[in-house]
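# Residue-level structure breakdown
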Amino acid sequence: MNRKFILTTAASLLVGVVAGTGIMMNDQAYQSVKQAVGGSATNNSLGQIDLSSLDIESALMAVQQQRTQMLDAQLNDQIQAVQKRNEEIAKNNEVMAGINGALSSEAVDGKYVISDELAGKLAAAGVADASKKDYTADELNQATQKIKGDIDSLSNSQQMEMLRLQSMTNKRNEAFDVMSNFIKKMEESRSSIIGNMR
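Parameters at a glance
- Residues numbered from 1 in each chain as written.
- Predicted model: local features only at pLDDT ≥ 70, side-chain atom pairs only at ≥ 80, totals over all residues.
- Heavy atoms only, no water.
- Core = buried A, V, L, I, M, F, W, Y, C linked by side-chain atoms within 4.5 Å.
- Buried < 20%, exposed > 50% of the residue type's maximum accessible area, 1.4 Å probe, protein only.
- Contact = heavy atoms within 4.5 Å.
- Axes fitted to C-alpha atoms, helices over the stretch in contact; angles between N-to-C directions.
- Helix = DSSP H or I, 4+ residues; strand = E, 2+ residues; numbered from the N terminus.
- Parallel < 35°, antiparallel > 145°, perpendicular 65-115°, else oblique.
- Left-handed = near helix turned anticlockwise from the far one by under 90°.
- Salt bridge = Lys/Arg side-chain N within 4 Å of Asp/Glu carboxyl O.
- Nonpolar A, V, L, I, M, F, W, Y, C, P; charged D, E, K, R; others polar.

This part covers the nonpolar core. Ranked by internal contacts, the top residues of the largest apolar core, which has 15 residues, are Val 95, Ile 99, Ile 114, Leu 118, Leu 122, Leu 140 and Ile 147. Beyond its immediate sequence surroundings of up to four residues, Leu 140 is in contact with Ile 99, Ala 102, Leu 103, Tyr 112 and Tyr 135. Ranked by size, the runner-up nonpolar core spans five residues in total, among them Leu 60, Met 61, Phe 182 and Met 186.

Here it is in structure tokens:
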């Protein structure tokens, strides 16, 4: 064997070890590998892969693909949570608009008559009974204050959900970058070995 071939082989091994170490330093990837080789972890979908028949590059690639799929699933769940909060805020804004519309109408004997639709929305928001159709200005103002409090609470919660969504997006992008870099390094190292064997 010539010296160049030995150095190339050693360099390829080193690239594999460095990439493997980088992946294993990630907690989720570590848990996936730990489970795959018989340890305990919360997600058992990687346990179906038989690592004994895979070389180190293929095993690390399988782990990284699993991590990417897990992050995709978490990201989709987070997007749905954000959309659900947006829908709740929109419903509360509709109730606020309905209350303001009722307050702008003319009062009959000091009471404002609301529509069946608004009464149902107030009941759904937990503000009033759906069967009640006439409210005083004070009652409508109290309902407004409660709805405003709900909107503020949902908005604060939504900000936290958006931060979490951004963090998950960054992690997902990082996982794709790691996987792309790993594939590129594998291809480069194999091309180098093949080139040296010619």
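For the pair helix H3 (residues 56–104) and helix H5 (residues 137–197), the least separation of the axes is 7 Å and the interaxial angle reads 160°. Compared by their axis directions, H3 and H5 come out roughly antiparallel. Handedness of the crossing formed by H3 with H5: left-handed.

A separate point is the pattern of salt bridges. Per the stated rule, a full pass over the model turns up five salt bridges. Between Glu 161 and Arg 85 there is a salt bridge, with the nearest N and O atoms lying 3.7 Å from each other. With a gap of 76 residues between them, Glu 161 in helix H5 and Arg 85 in helix H3 connect regions that are remote in the sequence. You can call Arg 85 partly exposed: its relative accessible area is 23%. A salt bridge links Lys 146 to Asp 150, with the shortest nitrogen-to-oxygen separation between them at 3.1 Å. Residue Lys 146 and its partner Asp 150 are both found in helix H5; the two are separated by four residues, about one turn of the helix. Where salt bridges share partners, they join Glu 94, Glu 117 and Lys 121 into one cluster.

Moving on: the packing of H3 against helix H4 (residues 116–124). Closest axis-to-axis distance for the H3/H4 pair is 10 Å, and the angle between their directions is 130°. With respect to H4, the element H3 is oriented oblique. Our pair here, H3 against H4, has a crossing hand that is left-handed. Of H4, the residues touching H3 (which contributes Glu 94, Val 95, Gly 98, Ile 99 and Ala 102) are Leu 118, Lys 121 and Leu 122. Considered class by class, the residues forming the contact of H3 with H4 number five nonpolar, one polar and two charged.

The analysis is restricted to geometry; functional conclusions fall outside its scope.
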